[in-house]
Amino acid sequence: MPAVTVENPLLLPRITPVDPTADRPRLVSSVTTAPQGYEGEGFPVRRAFAGVDLRALDPFIHMDQMGEVEYGAGEPKGTPWHPHRGFETVTYMIDGEMAHQDSNGGGGLITNGDTQWMTAGGGILHIEAPPEHIVASGGLFHGLQLWVNLPRSLKFAQPRYQDIRGSKVALLSSDDGGALLRVIAGDLDGHAGPGSTHTPITIVHATLSPGASVTVPWRPDFNALVYVLGGDGTVGSKQRPIRSGQLAVLEDGDSITVAADAKQDSRHPNFDVVLLGGQPIREPVAMSGPFVMNTRAEVVQAFEDFRAGRLGSLPAAHGA
Ligand code: CO
């Protein structure tokens, strides 16, 4: 159950109902299933974008669903110190806590519903780890980490860190109260969420009650992706089935429709989806490990710069 929720969505501002005759609903072009993997020191992730052409993802590069996992005492894990260059990371903690620290002096605790934005830009080192009391106690851990590409002109932007509390997220309701919409970033139907990336994007986390559906307006110049965090439902006006751990890429159009099946399983009482879109950058992408550049030579240079210590140095008080 996501930490940021409300008793009665009908008390929230409601999104403007989409006129199906005036709008061009986005059709589904593909549905893929995210494979399981492990990140950092061994926390379970689902690679949400695996097998999808980068051109359909543009401006996004990579997304991991972290968990959802219920840790026992002593089990929570994080990442060691590692570098990045050439893009921005958006980390959204749905449930649980993660401590973050970077070589640029940024950092803090990201807890239940918080979002953290890190512009790696020209280069940064960072570490993400559960705080000590969470390692001791265990507990629920569920989040997302999204990589947003930077255009050539901003690959070497100044590193930046933004910490956004869950309470700052814009909360909206569908017309009948069946869907709660959390605007994590960008804008939905004129309602702005907190946080800003260099590349214009919109991220919405929607929770739909069993049997509920919602159609939201979507900028026609943005791409559109729907990823299912948990539950069963359909996506698109033609009701393509989609379930936990699946990603839909949508075609061009003005609106996105998602609907929850009337019957959900006991592990996922609601249909939880992330709606993602952004302005495509349309530049060549050369990526390897933690670096996302335009050419192979720039990736090789990034590895060399990392080895030479030019992406930053570890804060002395918090050695790895
Ligand atoms: Co990282």
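Whatever comes next refers back to the structure up there.
Since the model is a prediction, treat every value here as computed from it, not as a measurement. (Residues numbered from 1 in each chain as written. Predicted model: local features only at pLDDT ≥ 70, side-chain atom pairs only at ≥ 80, totals over all residues. Heavy atoms only, no water.)

Student: Tell me about the coordination of the cobalt ion, and please be specific about residues and values.
Tutor: The coordination sphere of the cobalt ion, as far as protein atoms go, consists of H82 (NE2), H84 (NE2) and H126 (NE2), spread over 2.0 to 2.1 Å. Counting gaps between the donor residues of the cobalt ion yields the pattern H-x1-H-x41-H. Of this pair, H84 sits in strand β5 (residues 82–84) while H126 sits in strand β10 (residues 124–129), and the two are 42 residues apart along the sequence. (Donors = N, O, S within 2.8 Å, 3.2 Å for Na, K, Ca; no water. Helix = DSSP H or I, 4+ residues; strand = E, 2+ residues; numbered from the N terminus.)

Student: Can you break down the side chain of E88 residue by residue, with the values?
Tutor: Its place among the elements puts E88 in strand β6 (residues 87–95). Within polar-contact distance, the side chain of E88 engages the backbone nitrogen of H198 at 2.9 Å. (Polar contact = N/O pair within 3.5 Å; in protein donor to acceptor, adjacent residues only side chain to side chain.)

Student: Now, about the layout of surface pockets: what can you tell me, with residues and values included?
Tutor: In this structure, the largest pocket encloses a volume near 460 Å³. Along its surface, the largest pocket is lined by 24 residues, and Q65, E68, H142, L229 and H268 are the ones closest to its centre. Of all the elements in the fold, those that place two or more residues in the lining of the largest pocket are β3 (43–47), β4 (60–71), β6, β11 (139–149) and β19 (225–230). Among the elements that line the lining of the largest pocket, the one with the most residues is β4, at five residues. Grouping the amino acids of the lining of the largest pocket by side-chain chemistry returns nine nonpolar, nine polar and six charged. (1 Å grid on protein atoms, 1.4 Å probe; cavity = no way out; pocket = protein on both sides within 12 Å on 5 of 7 lines; lining within 4 Å. Points joined across faces, edges and corners; volume = space filled by probe spheres on them. Nonpolar A, V, L, I, M, F, W, Y, C, P; charged D, E, K, R; others polar.)

Student: Got a sec to walk through the sheet that holds β4? Specific residues and values, please.
Tutor: Ordered by their spatial adjacency, seven strands build an open sheet running β2-β3-β4-β11-β6-β9-β12, and the pairing between neighbours is antiparallel. Since the sheet does not close on itself, it has two edges, and those belong to β2 (36–39) and β12 (160–164), each with one partner. Sheet twist, expressed as the mean angle between neighbouring strand axes with direction ignored, is 20°. Alignment of β3 against β4, held across three bridges, turns out to be antiparallel. (Pairing = 2+ DSSP bridges. Axes fitted to C-alpha atoms, helices over the stretch in contact; angles between N-to-C directions.)

Student: Before we move on, could you go through the packing of aromatic side chains and cite the residues and values that matter?
Tutor: Scanning all chains against the criterion turns up four aromatic pairs. A ring pair is formed by Y71 and F141, whose centres lie 5.8 Å apart and whose planes are at 35°; its orientation type is tilted. Within this pair, whereas Y71 is found in strand β4, its partner F141 is found in strand β11, the two being separated by 70 residues in sequence. The two residues Y71 and F141 agree in class, both being buried. Joined through ring pairs, the aromatic side chains of F43, Y71 and F141 make up one cluster. (Phe/Tyr/Trp six-rings, centres within 6.5 Å; stacked < 30°, edge-to-face > 60°. Buried < 20%, exposed > 50% of the residue type's maximum accessible area, 1.4 Å probe, protein only.)

Student: Can you explain the sheet that holds strand β24 (residues 271–278)? Please cite residues and give values.
Tutor: Strand order in the open sheet formed by seven strands is β1-β22-β19-β24-β17-β14-β13, with antiparallel pairing between adjacent strands. Taken across any chain shown, the strands that pair with only one partner, and hence form the sheet edges, are β1 (28–33) and β13 (170–173). Strand-to-strand twist across the sheet, computed as the mean angle between neighbouring axes with direction ignored, equals 20°. Strand direction decides the pairing type here: β19 and β24, joined by five bridges, are antiparallel. Directly across from V228, in β24, lies its bridge partner V273.

Student: Run through the pattern of salt bridges, naming residues and quoting values.
Tutor: Per the counting criterion, the structure on display carries ten salt bridges. The salt bridge partner of D53 is R55, with a shortest N-O separation of 2.9 Å. When its relative accessible area of 71% is taken as the criterion, R55 is described as exposed. Salt-bridge contacts for E88 lead to R160; the nearest nitrogen and oxygen are separated by 3.8 Å. Of this pair, E88 sits in strand β6 while R160 sits in strand β12; the two residues are 72 residues apart in sequence, bridging distant segments of the chain. (Salt bridge = Lys/Arg side-chain N within 4 Å of Asp/Glu carboxyl O.)

Student: Describe empty space enclosed by the protein, naming the residues involved and giving the relevant values.
Tutor: Applying the stated rule across the entire model yields one cavity of 30 Å³ or more. Of the pockets and cavities examined, the largest cavity occupies roughly 50 Å³. Lining of the largest cavity is provided by M63, V90, Y92, L144, L146, I184 and I203. Considering only residue class, the lining of the largest cavity consists of seven nonpolar, no polar and no charged.

Student: Give a description of a nonpolar patch on the surface that names residues and reports values.
Tutor: On the surface, a cluster of nonpolar side chains totalling about 190 Å² of accessible area is made up of L54, V285 and M287. Its place among the elements puts L54 in helix α1 (residues 54–57). (Patch = residues over 30% accessible without salt bridge, like charges linked within 9 Å, V, L, I, M, F, W, Y side chains within 5 Å. Areas by Shrake-Rupley, 256 points an atom, 1.4 Å probe, with all protein chains shown as cover.)

Student: Talk me through the pairing of strand β23 (residues 255–260); I want residue IDs and the actual numbers.
Tutor: Side-chain positions along a regular strand alternate between the two faces of the sheet. The buried count for β23 comes to six of six residues, which makes it a mostly enclosed element. Burial along β23 is two-sided: the face carrying S255, T257 and A259 and the face carrying I256, V258 and A260 are both buried. With five bridges connecting them, strand β18 (residues 213–217) and β23 associate as antiparallel partners. Across the sheet, residue V216 finds its bridge partner in β23, namely I256. Sheet topology places strand β20 (residues 232–235) next to β23; three bridges connect them, and they run antiparallel. Across the sheet, the residue bridging to T234 is A259, located in β23.

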